[in-house]
Amino acid sequence: MAWLETEVLIVGGGVLGTAVARELSRYRVDVALVEKEVDFGWGSTKANMCIVCQGADALEFRPEYRRSRLVWDSVPLMEPLCRELDVPFRRIGELTLIRNSEEMAKYQKLKGRAEKVGFDRLRFIGRDELFEMEPHLNRNVVGALYNPDIAVVDPVRLAIALAENARENGVKTFLETEVEGITSKGEEFEVQTTQGLVKSRFIVNAAGLQVDRVARFLGADDFVLYPVKGYIGVLDKNVGELVRHEIHMRPEAPGQMNILCPSVYGNPFFGIVMCLARKGDNSITRRMMDIALVNLRKILPEVSEREVIHSFAGFMMFRNWELGWHECVVQPSRKVPRFINVCIGYPGVSAAPATAKEVVRLLEQEGLKLEENPHFNPSRKAPPVFSELPESEQEELIRKEPRYGHVICRCETVTEAEVIEAIRRGATTLDGVKFRTRAGMGRCQGGYCTPRVVKILARELGISEKEVTKKGKGSPVLLYRSKELLSGADT
Amino acid sequence: MAQTLEVDVAVIGAGPAGMAAAARAKEAGASRVLLIERQEQLGGLLHQCIHNGFGLFYFGEDLTGPEYAHRFAERVMDLGVEVMLETMVTRLSPEREITAVSKEGVFRIRAKSVVLAMGCRERTRDQVQIPGSRPAGIFTAGTAQRMVNVEGLLPGRRIVILGSGDVGMIMARRLLLEGAEVLAVVEILPYVGGLIRNEVQCLHDFQVPLFLEHTVTKVHGERRVEAVTIARVDRSTREPLPGTERTIECDTLLLSVGLIPENELSRMAGVLLDPLTGGAVVDESRQSSVPGIFAGGNVLHVHDLVDNVSSEAEIAGEGAARFAQGIEEGGEGIAIRPGEGIRYVVPQRIRGRQPVTLYLRVKDMAEGVRVRVGDIWERKFRVVKPSEMLKVELSTDELSRIEGRELLVELER
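Residues numbered from 1 in each chain as written. Chains lettered and ligands numbered in written order. Predicted model: local features only at pLDDT ≥ 70, side-chain atom pairs only at ≥ 80, totals over all residues. Heavy atoms only, no water.

S.K.: How should the interface of chain B and chain A be read in this particular structure?
M.R.: Interface size is often expressed as the accessible area that is lost when the parts come together. With 57 residues of chain B at the contact, the number on the chain A side is 61 residues. Of the roughly 5,000 Å² buried between chain B and chain A on both sides combined, carbon and sulfur atoms contribute 51%. At the junction of chain B with chain A, the criterion picks out seven salt bridges. With a shortest N-O distance of 3.4 Å, Arg443 of chain A and Glu264 of chain B are connected by a salt bridge. There are 29 residue pairs in polar contact (both at pLDDT 80 or more) connecting chain B and chain A. For the side of chain B that touches chain A, the secondary structure elements donating two or more residues are strand 6 (88-92), strand 7 (97-102), strand 8 (105-116), strand 10 (138-140), helix 3 (141-149), strand 11 (153-154), helix 4 (166-177) and helix 6 (264-268) of chain B. The residue inventory of the side of chain B that touches chain A, partitioned by class, reads 18 nonpolar, 15 polar and 24 charged. Pairing between strand 22 (residues 480-481) of chain A and strand 11 of chain B: two bridges, direction antiparallel. Along strand 11 of chain B, the bridge assignment pairs Arg481 of chain A with Leu153 of chain B. (Contact = heavy atoms within 4.5 Å. Buried area = accessible area lost by both parts, 1.4 Å probe. Salt bridge = Lys/Arg side-chain N within 4 Å of Asp/Glu carboxyl O. Polar contact = N/O pair within 3.5 Å; in protein donor to acceptor, adjacent residues only side chain to side chain. Helix = DSSP H or I, 4+ residues; strand = E, 2+ residues; numbered from the N terminus. Nonpolar A, V, L, I, M, F, W, Y, C, P; charged D, E, K, R; others polar. Pairing = 2+ DSSP bridges.)

S.K.: What is the right way to look at the environment of Arg372 of chain B in this model?
M.R.: Residues and elements named next belong to chain B. Position of Arg372 among the secondary structure elements: in strand 25 (residues 366-373). Note on Arg372: relative accessible area 21%, which makes it partly exposed. A sequence separation of 266 residues divides Arg372 from Val106, and the C-alpha atoms of the two residues are 50 Å apart. Residues in contact with Arg372, not counting those within four places in the same chain, are Trp377, Glu378, Leu408, Val409, Glu410 and Glu412. There is a polar contact of 3.5 Å between the side chain of Arg372 and the side chain of Glu378. (Buried < 20%, exposed > 50% of the residue type's maximum accessible area, 1.4 Å probe, protein only.)

S.K.: Where do I start with the nonpolar core in this structure?
M.R.: One broad rule of soluble globular proteins: the nonpolar side chains tend to lie buried together. If you look at the biggest cluster of nonpolar residues, it comprises 54 residues, and the most contacted ones within it are Val8, Ile10, Leu24, Leu158 and Leu363 of chain A. Sorting elements by how many residues they give to this core places helix 9 (residues 348-365) of chain A first, with nine residues. Discounting residues that sit within four places of it in the chain, Leu363 of chain A has contacts with Val8, Leu24, Phe202, Val204, Ile340 and Leu368 of chain A. Among the nonpolar cores identified, the runner-up in size contains 45 residues, and Cys449 and Tyr480 of chain A together with Met169 and Ile170 of chain B belong to it. (Core = buried A, V, L, I, M, F, W, Y, C linked by side-chain atoms within 4.5 Å.)

S.K.: Please explain the sheet that holds strand 26 (residues 377-384) of chain B as it appears in this structure.
M.R.: The strands making up a sheet associate through hydrogen bonds between their backbones, and the pairing can be parallel or antiparallel. Residue and element names in this part refer to chain B. Taken together, five strands build an open sheet; the order of strands is 23-21-28-25-26 and the sheet is mixed. Where the open sheet ends on each side, the last strands, each with one partner, are strand 23 (349-350) and strand 26. Here strand 21 (residues 334-338) pairs with strand 23 via two bridges, running antiparallel. Bridge pairing links Ala335 to Arg349 in strand 23.

Fair warning: the whole summary comes from geometry, so function is off the table for now.
Here it is in structure tokens:
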């Protein structure tokens, strides 16, 4: 007996999987999405710099590459998408610092290439204008290439919003559901998941880091991917006050990027230090931390290591381990019909809107009948973010629900009601609450709010505090009750 | 519309500093004193400090944290200080206008003077750069203390503690008493970071393994802490020495690696901060660079004993009361600066000639040294440690001997 039967099964609830789900919900198609983690957007989607690339402004941009085209085609789609889904999107602009004539020549070439495809927004600026825009930067530069269009988003909230909107329009989504095997039975796939058997006519494999593993079940892995780990640090908002644009400097060594990028919330990111690594090994090394800091100070000399409030490693899948350029996988398997592999590598977030449309086109090409869904509702409303509201609306909220007046995260001013709303919408863990509300993302890194959020999670989910986890199975926050180690068999 | 309150003195934070400041402000004649606290009760972190050792100087008695809090809470209530609980201050303007939020709504509070008493927060993992994975099971010592003592929950049973600050050592003993194993306290310096009495009573008396000149070089475990690797560090560079690593299987890592005064509101109000203390630059009445905004306790500089927090905050409370009554000290005064061997001095400025107590900390542990304050004061110390604050009491007579606009505080070997 099948646990679930569907026309299209999407494997992976990252920004690509959820974008495909939402795009498909424009049509009358039975769609289900499975995600192995406890929330959406927890793979590569959550571990990056949140930049919306503009395609043609990147050194590796080549219009003939599919990856470049998907990023390029996504540019006009991203802002309207974020508006429809009520997801934070901020156009901050990018300054690529230029230190010498050799770099100047490279960027002149880049600008020419961009103009050839119709991107004429790039502009060289001199020192005076640069330091007027960004007075705290290293003085050791001759100017910069300015791209006013670069933007930042919150990719996790984008994935959550896409999933919520897809669900609203009829897509079924299942969290904590991992694919363990796939077989092909005539016109149907039988997918073994941790929840049960799923029967589906089409599969969209957007499993991110697992995309090759999932494809391999059917021998549909007609590509090779290399997992590349990248270190990214997060800085205090005080540093965020010093820079307004994304600042880019040409890396000095292979395997590095040198970027300082304000987030939509004010905490800048810096990095990236990359290396090939075993999948799932998210550990960071002292060397990565040191290199990233040294690079950061080349951009912003006065930053202290004390301003680093958080750091993490994210994974990207590369088709070739040669930085600078690489191609993506967005194609039907050459060996298995009705099976589409989707993996961008980086920048997956930036390419998601056009990729979703491309996948739908490929599905149609593979035989999926598409008939418009007359009830499709493109908009989704985000839960209220108390700290961002004008005072009158704050008052209004508190009047309706007094727990909007109970601040439980001091650094990011997150209220109890926002945590409850996040749980109502699907957060079940400490990190789930963190990514949905920002409680725990500030400078004290959960020192104040952790005990409070644990309590609220336990209460709202009807579980004991000991059952509350950081990120799902195997990650309990607290292991025992007081006195438990002193009683019974333990003494 | 936000409800508006007008008060003489508003005190932000009702921990040991805020309660003492509010009480003294009232005693010094301020008529309307408002104490604003984000938690459900007065006392701040004292409620999770269920161990004893509080009040030896202030009350001449050995009290627990909750007992110490209770004494001050009673004094505050008896004096008629107004209290707002479960109220978070979200904004402070240089004109001393406070915005606060509670379940009752948004409040605007206009105060003639303000005392900052927000205390401090704990340094986190990334500020000390611990490599490795990011699993569940890593807590700052203070957060763990709240879990154990207030919520009745234990972080784990096999514990490693990085840093030997006071809260870390107290948690080592507390977790041992709860039946957990404390496998190591790891300190990068050649000596313990907290008070000697805590080193003796919490570590030595319980035979907790103490690794001096060591640090944690890696956290293992993807979902929950499974082990940590520690290594010896080079004495001068404090960098880990290759080949000295050992891995300890554990389920919990606690961090007790320093405290940071919590000055986000101060910054908002334009208060000038001292990079050495992390708190406001103040004069002897604990007035900051913004007229009418005072600060006391750990928000100003991290203290060793809560008794000192209370005493200092009373100075701020008195200053705030005088300011609210229109009494202002004028003049530039004299700048007090840390010299050789001294990490910081508070206050950083003296305007008047009334007796003043300087609080200071040294940079490193030293024996047989002299502390000199310009040409007006000096004393010999058998031993000085960064963990213990030194107090220098200057009399009116000594202050009148100051020449020039600056006073240097130095350590002489």
